[in-house]
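Listed below are the residues making up each chain.
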Amino acid sequence: MRIVSLSYPVSAEIAKEAAEPKVAAIGQFDGLHQGHASVLTTAINIARENGVPAALITFYPHPKDVIGKGNYEGYLTPQPDKQRLLEEMGIDILYIVEFNKEFSQISPDTFVEEMLFPLNLQTAVVGFDFRFGHKGAGDAAELQKLGDGKMSVVTVPPFLVDGEKVGSSAIRIALKTGKLSDANRWFGRNYHIRGSVIHGEKRGRKIGFPTANLELTDPYVVPALGVYAVRARMDHQDNWIPGVMNVGVKPTFHEGITKPIFEVHLFDYDGDLYNQFMTVDLVQYIRKEHKFESVQELVEWIQRDADEARKILNASESKF
Ligand SMILES: Cc1cc2nc3c(=O)[nH]c(=O)nc-3n(C[C@H](O)[C@H](O)[C@H](O)COP(=O)(O)O)c2cc1C
Ligand SMILES: Nc1ncnc2c1ncn2[C@@H]1O[C@H](COP(=O)(O)OP(=O)(O)OP(=O)(O)O)[C@@H](O)[C@H]1O
């Protein structure tokens, strides 16, 4: 997959390089959920039928991050994950348009004239609720009109699960409210995070549950605080190791921690993981984090969590 960073207006150099006709999906595509997959598969199929490359035109940072004055709560698929998944899906060219204040002000016709035409789109593929231009003034019908016969527009109907449109906003809410099973069903895979193993407070081993403390590699959406059945895979290794993860602020020991800590206890594993990178697949949400009266009580609960996680992971589709 070729990755091209763009900013508005498109430079003559990029326009020259982009001269070949192509089919492109357009949109944010954070999460690459099943609704996004339906749009991308449509674009890829049309591209293959016509013997031209399949592209995605997407925006970074997330518009809400720019317009929302920095209070955006993270990405479902930060850039490295998004690039890997798009490559696996079969996208040939990824255009990443720098989303900034100036770009957020441009009108639908300027977007088409000064961004899409220079990229020579034969066909633009968008979802049924696609909006573009300043304040989302344009929609798919407007895009078709502005395409002016030079660019055709294919609109993909809603991809539904249980009668509801699958969308990134709903997935974010589900993750943050402990409805991981909904989020995973809408993704069509398990939500995952990735981090490097850093030093924690070193209490875990003493209480019988050593944990790998993770520093996230990217600004992921933080799921609901609490305990999860997980599978973890170290970078450059193929096997998934079952475990249990706490996302929390350790209220039993601390008051006033505000940044959630990600801690993974891997089952039947006894290696040194410091400084290694780990991808953690969140399989099921087990419970909320509690403030326990004693360390003894906490340990009993962690034991129960571990037993439950083993059962969940044994019953779920095997990945190892
Ligand atoms: C499965 C699991 C569940 C946990 N649940 C809680 C909890 O409900 N409340 C809490 O204060 N800490 C909880 N913790 C965090 C422990 O307090 C933490 O792992 C322990 O203090 C060791 O941390 P350290 O190695 O960074 O010192 C949990 C940890 C694990 C692995
Ligand atoms: N369930 C879906 N079915 C069909 N098209 C979709 C679906 N979800 C998103 N799309 C389309 O994919 C493109 C990218 O959408 P966008 O990234 O805004 O996602 P979204 O998941 O709809 O986000 P949000 O939930 O915040 O509205 C748009 O063209 C949109 O119309």
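Residues numbered from 1 in each chain as written. Chains lettered and ligands numbered in written order. Predicted model: local features only at pLDDT ≥ 70, side-chain atom pairs only at ≥ 80, totals over all residues. Heavy atoms only, no water.

Student: What should I look at first to understand the site of ligand 1 in this one?
Tutor: In the neighbourhood of ligand 1, 22 residues make up the surrounding shell, with Arg203, Lys250, Thr252, Glu263 and His290 lying closest. In the environment of ligand 1, an oxygen atom lies 3.0 Å from a nitrogen or oxygen atom belonging to the backbone of Gly204. In the model, a nitrogen atom of ligand 1 is placed 3.4 Å from a nitrogen or oxygen of the Asn246 side chain. Isolated, ligand 1 exposes 620 Å² of accessible area, and the fraction of that covered by the protein chains is 99%. Of all elements in the fold, only strand 12 (241–248) and helix 10 (295–315) reach the threshold of two or more residues within the shell around ligand 1. With three residues, helix 10 is the single largest residue contributor to the shell around ligand 1. (Near = heavy atom within 4 Å. Polar contact = N/O pair within 3.5 Å; in protein donor to acceptor, adjacent residues only side chain to side chain. Areas by Shrake-Rupley, 256 points an atom, 1.4 Å probe, with all protein chains shown as cover. Helix = DSSP H or I, 4+ residues; strand = E, 2+ residues; numbered from the N terminus.)

Student: Whenever I open this one, the domain arrangement of the protein chain confuses me. Can you help?
Tutor: It is common to give the size of an interface as the accessible area lost on bringing the parts into contact. Its domain assignment divides the protein chain into domain 1 (2–163) and domain 2 (190–315). Both sides together, the interface formed by domain 1 and domain 2 hides about 650 Å², and carbon and sulfur atoms give 60% of it. On the surface where domain 1 and domain 2 come into contact, there are zero salt bridges. In this assembly, domain 1 and domain 2 are joined by four residue pairs in polar contact (both at pLDDT 80 or more). Taken together, the residues of the side of domain 1 that touches domain 2 sort by class into four nonpolar, one polar and three charged. (Domains from an automatic or database assignment. Buried area = accessible area lost by both parts, 1.4 Å probe. Salt bridge = Lys/Arg side-chain N within 4 Å of Asp/Glu carboxyl O. Nonpolar A, V, L, I, M, F, W, Y, C, P; charged D, E, K, R; others polar.)

Student: What am I meant to see in the side chain of Asp305 here?
Tutor: Among the secondary structure elements, Asp305 is positioned in helix 10. With residues up to four places along the chain from it excluded, the contact list for Asp305 reads Val227, Val244, Ile286 and Arg287. (Contact = heavy atoms within 4.5 Å.)

Student: Any chance you could explain the sheet that holds strand 2 (residues 22–26) here in plain terms?
Tutor: Strand pairs in the sheet, formed through backbone hydrogen bonds, run parallel or antiparallel to each other. In spatial order, the strands read 1-4-3-2-5-6; together these six strands make up an open sheet with parallel pairing. The outermost strands of the open sheet, each flanked by one partner alone, are strand 1 (2–6) and strand 6 (152–156). If you compare each strand with its neighbour and ignore which way they point, the axes differ by 25° on average. When strand 2 meets strand 3 (residues 54–60), the two strands line up parallel, connected through four bridges. Across the sheet, residue Ile26 finds its bridge partner in strand 3, namely Ile57. Docked against the sheet, helix 4 (residues 79–89) engages strand 1, strand 3 and strand 4 (93–98), running at close to 150° with respect to strand 4. (Pairing = 2+ DSSP bridges. Axes fitted to C-alpha atoms, helices over the stretch in contact; angles between N-to-C directions.)

Student: Help me out: how do you make sense of the site of ligand 2 in this one?
Tutor: The environment of ligand 2 is formed by 20 residues, the closest being His33, Asp129, Lys165, Ser168 and Ser169. At 3.0 Å from an oxygen atom of ligand 2 is found a side-chain nitrogen or oxygen belonging to His36. With the chains in place, 85% of the 600 Å² that ligand 2 exposes on its own is no longer accessible. Elements with a minimum of two residues in the shell around ligand 2: helix 2 (34–50), strand 5 (121–127) and helix 8 (168–176). The biggest single contributor to the shell around ligand 2 is helix 2, with three residues. Looking at the shell around ligand 2 residue by residue, the class counts come to ten nonpolar, eight polar and two charged.

Student: Hey, could you run me through unusual backbone geometry in this one?
Tutor: Glycine aside, residues mostly have negative phi angles, and peptide bonds mostly take the trans form. Between Tyr8 and Pro9 the backbone carries a cis peptide bond, its omega angle lying at -5°. Locating Pro9 in the fold gives a position in the loop between strand 1 and helix 1 (12–17). A cis geometry characterises the amide bond from Tyr60 onward to Pro61, with omega recorded as -5°. As for its placement among the helices and strands, Pro61 is situated in the loop between strand 3 and helix 3 (63–67). At Asp162, a position not held by glycine, the phi torsion is positive, near 50°. Here Asp162 lies in the loop between strand 7 (160–161) and strand 8 (164–165). We note that Asp268 has phi near 50°; this positive angle belongs to a residue other than glycine. Checked against the element boundaries, Asp268 lands in the loop between strand 13 (261–266) and strand 14 (277–287).

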